[in-house]
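Overview (structure and organization)
Chain by chain, the residues run as shown.
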Amino acid sequence: MADSIAESTAKLDITDAPTAPDTAPTVDNSPKLQLDEETGEWVSKGELKKRLAKRAKKASKDKNKEASNAAAPPKTQQPKKEKVEDVPIDTDSMFKQGFLNDVYKERPVKPVITRFPPEPNGHLHIGHAKAIAVNFGFARYHGGYTYLRMDDTNPESEEEEYFTSIEETVRWLGFEPYKITYSSDHFDTLYALAEKLIEQGNAYVCHCDDQEVKKQRGGEKGASPRYRCEHANQSVEENLKKFRAMRDGEYKPREAFLRMKQDINDPNPQNWDLAAYRVLNKPHHRTGDKWVIYPTYDFTHCLCDSFEKITHSLCTVEFFLSRTSYEWLNQRLVEYQPMQREYGRLSIEGSVLSKRKLKELVDKGIVRGWNDPRLHTLIAIRRKGVPPGAILEFVNELGVTTTNSIIQMSRFEQTIRRYLERTVPRLMLVLDPVPVVLESSEFEGTDLTVPFSPKNPAMGDHKIKFSQTVYIDRSDFREVDSKDYFRLAPGKTVGLLQAPFPITATSFTKDETTGLVTEIKAVFDRSGKKPKTFIQWVPAESAGSKRCEARIYNSLFKSNNPTGAEGGFLSDLNPDSEIIYPNALVESGFDEVRKRAPWPEAAGEDKLGKGGPESVRFQGMRVGYFAMDSDSTDDKIVLNRIVSLKEDKEKS
């Protein structure tokens, strides 16, 4: 008996809803299930047709109502959302047109050489993903290469973990640096050029405090006339003597610093005698105690670009005014002249990216660490399970212009959702399981063949064993039925995705203390009537299902602008930003998904076994997209929800 049942059910497709003939169903007489995108339910084609007709009737009624009000003053109409085709995006398109294409036309040289120069004083965030994609992608598209340059000129805030994290993140996004260099590689050369600048009469040692420098630059809000520091009148010999004294440790921090002698009367503040060197009595992670003076970013960055023969120095628009000082310094000290151009930076609303604020969240234990999935550091986004390819698609969708972008969280999540829809397998997952005990044990141990994706046969299939006790989600059962409810209730029938027959609930038991349903009794419905709704389920653990902890993540903050919240960003925390289901169940197909990771093979996760636990990704049908968390062990599976199955209408 079991053999014949196994044979007849072995080839059922996950998109097939079973009918109820006298014998076990086959794929030939099974109707196709379709997703009701409004409710998230899998229903028969006929049921979906009824629902759509009902909604169309309501929409028509609403339209007629609008027509009757045509005489009223016009209201601003929201543009209709265009349906985006579920196809891979050309991640090179931003280099073929628009701003970056124009930049190349300004200097159409081969090979193109760029650099990504982060300061190793914190973890990279979502804004840096755009910078990485722009710099590495621009060079790669034009047949060139990119330096990963650590701008390590401030030993007071640099730590080894940041160097490691930056390098790993760049490779995770799918880019390979031509070389990994350090600004500190050039400390000797930079010092020599600083002396050269003094000898030209273009730099001087200043002893002014912050207040005096502020007055020289126009005071509060630039209300008073600007004037040059009196130390600018020192002779070349005196400035050289003082600068060498700085080098030799004869000055304490803030007692003296080297300034470029630019144009204090220029309207551009980047020409107001910027600092070039300062005293810092702090050992450097690479040069040790050799130096007690260190070059500033404004002095170092442009010169290192020249040393490395950077053709296109691409940075964000806050450095637009710095282009003047960039060119001023290079023209006086070096022969090779790079070209700097600036593009708009990327931010996500409803998040904080400031290192100070992130540190406060970590130090106060509000989040799990710098890689907490609710943050928007790239290590947090990675841990949550967002694929690197989805981030690259997001950057490309936005395009590159000179305007800063503050993007809605929902738009970021929608890009991720579309990417995952076509690239990861599907499994059945129950967050809050309730046992359903079936009256008949005739299908106990029967293998059901289930495809990993109804849209992509190349993903293959897997087997799950049916069991007499199955588990459904608590939210899929009601103690009291109603006409507008389509899932399981006493006397009501639903289909179980891929199961031999629909089931009808006959009774249930409850815990008197908690009031929660603890068990549901059900029978197979063999009437042949098509159920209106199908729900996901998982077999018992004895049939291979895995107990796991599922973490559902929502926005860390209640508002879209936590920094502007009354009382500060900590007063805007969302108490429901993390919801944990400690006893969730996932079907046995999870083992194969884990074995075949990464899902998908793309960007820095481009081959079997390349990727951390977060590369084990799948769609939990009717629940959301999930990835395995780094807290997982051999004995415990921890899952993070990456995004929901559909956009939260309240967010949008």
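Residues numbered from 1 in each chain as written. Predicted model: local features only at pLDDT ≥ 70, side-chain atom pairs only at ≥ 80, totals over all residues. Heavy atoms only, no water.

1. Quick word on the side chain of Asn-135
Looking at the element boundaries, Asn-135 is found in helix H5 (residues 126-141). The class of Asn-135 is buried, set by a relative accessible area of 1%. (Helix = DSSP H or I, 4+ residues; strand = E, 2+ residues; numbered from the N terminus. Buried < 20%, exposed > 50% of the residue type's maximum accessible area, 1.4 Å probe, protein only.)

2. Topic: empty space enclosed by the protein
Summed over all chains, the structure comprises three cavities of 30 Å³ or more. Here the largest cavity defines a volume of roughly 80 Å³. Of all the secondary-structure elements, those providing two or more residues to the lining of the largest cavity are helix H10 (297-307) and helix H11 (322-333). With four residues, H10 is the single largest residue contributor to the lining of the largest cavity. A breakdown of the residues in the lining of the largest cavity according to their chemical character gives five nonpolar, four polar and one charged. (1 Å grid on protein atoms, 1.4 Å probe; cavity = no way out; pocket = protein on both sides within 12 Å on 5 of 7 lines; lining within 4 Å. Points joined across faces, edges and corners; volume = space filled by probe spheres on them. Nonpolar A, V, L, I, M, F, W, Y, C, P; charged D, E, K, R; others polar.)

3. Quick look at the sheet that holds strand E29 (residues 637-643)
On the basis of which strands lie adjacent, the open sheet formed by seven strands has the order E14-E27-E28-E29-E25-E26-E15 and mixed pairing. In this open sheet, the two strands that pair with only one neighbour each are strand E14 (426-427) and strand E15 (429-430). Bridge analysis of strand E28 (residues 624-628) against E29 gives four bridges, and the strand direction is antiparallel. Paired with Ala-627 across the strands is Asn-640, a residue of E29. Along the sheet face, helix H15 (residues 409-423) touches E14, strand E27 (617-620), E28 and E29 and points at about 115 degrees away from the line of E29. (Pairing = 2+ DSSP bridges. Contact = heavy atoms within 4.5 Å. Axes fitted to C-alpha atoms, helices over the stretch in contact; angles between N-to-C directions.)

4. Describing the layout of surface pockets
Quantified by volume, the second largest pocket comes out at close to 500 Å³. Taken together, 27 residues form the lining of the second largest pocket, with Pro-117, Pro-118, His-128, Thr-316 and Phe-319 sitting closest to its centre. Sorting the residues of the lining of the second largest pocket by element identifies strand E3 (113-116), H5, H10 and strand E10 (312-316) as the ones contributing at least two each. Counting residues per element, the lining of the second largest pocket draws most heavily on H5, which supplies five residues. Among the residues forming the lining of the second largest pocket, the class breakdown is 11 nonpolar, 10 polar and six charged.

5. A closer look at the pattern of salt bridges
In the structure shown here, the tally under the stated rule is 47 salt bridges. Among the ionic pairs, Arg-551 bridges to Asp-629, the shortest N-O distance being 3.3 Å. Pair noted here: Arg-551 is in strand E25 (residues 546-553) and Asp-629 is in the loop between E28 and E29, with a separation of 78 residues, a long-range link. Look at Arg-551 and you get buried, because its relative accessible area is 5%. Residue class for Asp-629 comes out buried when judged on its relative accessible area of 0%. The structure contains a network of salt bridges with shared partners spanning Arg-368, Arg-383, Glu-549, Arg-551, Glu-578, Asp-629, Asp-631 and Lys-636. (Salt bridge = Lys/Arg side-chain N within 4 Å of Asp/Glu carboxyl O.)

6. Some details on the pairing of strand E16 (residues 433-438)
Of all six residues in E16, six are buried; the element is thus mostly enclosed. Side chains of E16 alternate between two faces, with Pro-433, Pro-435 and Val-437 and Val-434, Val-436 and Leu-438 buried alike. The pairing of E16 with strand E19 (residues 469-473) spans five bridges and is antiparallel. What sits directly across from Pro-433, in E19, is Asp-473. Sheet topology note: the E16/strand E22 (residues 517-524) ladder contains three bridges and is parallel.

7. Structural notes on helix H7 (residues 187-199)
End to end, H7 covers 19 Å across 13 residues, agreeing with the expected 18 Å (1.5 Å per residue, within 8%). All of the buried residues along H7 are Phe-187, Leu-190, Tyr-191, Leu-193, Ala-194, Glu-195, Leu-197 and Ile-198. Where H7 terminates, the next one or two residues include Gly-201, which has phi positive at roughly 85 degrees. (Expected span 1.5 Å × (residues − 1).)

8. Considerations on the packing of H7 against helix H9 (residues 236-247)
Relative to each other, H7 and H9 sit at 155 degrees, their axes nearing to 9 Å. Between H7 and H9, the angle is such that the two are roughly antiparallel. Here H7 runs over H9; the crossing is right-handed. Mapping the contact onto sequence places Tyr-191, Ala-194, Glu-195, Ile-198 and Glu-199 in H7 and Val-236, Asn-239, Leu-240, Phe-243, Arg-244 and Arg-247 in H9. For the contact of H7 with H9, the per-class residue count stands at six nonpolar, one polar and four charged. (Parallel < 35°, antiparallel > 145°, perpendicular 65-115°, else oblique. Left-handed = near helix turned anticlockwise from the far one by under 90°.)

9. A look at H10
With respect to burial, H10 is a largely interior element, eight of its 11 residues being buried. Directly beyond the C-terminal end of H10, a positive phi value near 55 degrees is found at Lys-309.

10. With respect to the pairing of strand E4 (residues 145-150)
Summarising burial for E4: five of the six residues are buried, a large majority. Relative to E4, E3 runs parallel, the two being bridged by four bridges. Looking at E4, one finds that Ile-113 is bridged to Tyr-145. Each parallel crossover has a hand, and the one from E3 via H5 to E4 is right-handed. The pairing of E4 with strand E5 (residues 179-182) spans four bridges and is classified as parallel. Across the sheet, the residue bridging to Arg-149 is Thr-181, located in E5. After leaving E4, the chain enters helix H6 (residues 160-172) and then returns to the sheet as E5, a path that is right-handed. (Right-handed = clockwise from strand over helix to strand, strands pointing away.)

11. Some remarks on the nonpolar core
A general feature of soluble globular proteins is that nonpolar side chains tend to end up buried together. Ranked by internal contacts, the top residues of the largest apolar core, which has 75 residues, are Leu-100, Ile-126, Ile-391, Leu-429, Phe-590 and Phe-626. Of the residues forming this core, the biggest block, nine residues, is contributed by H5. Sequence-distant contacts of Leu-100, that is, excluding residues within four places in its chain, are made with Met-94, Phe-95, Val-134, Phe-138, Leu-314 and Val-400. Counting 34 residues, the second largest nonpolar core, distinct from the first, contains Leu-197, Val-279, Trp-328 and Leu-333. (Core = buried A, V, L, I, M, F, W, Y, C linked by side-chain atoms within 4.5 Å.)

Remember that the coordinates give geometry; whether it matters functionally is a separate question.
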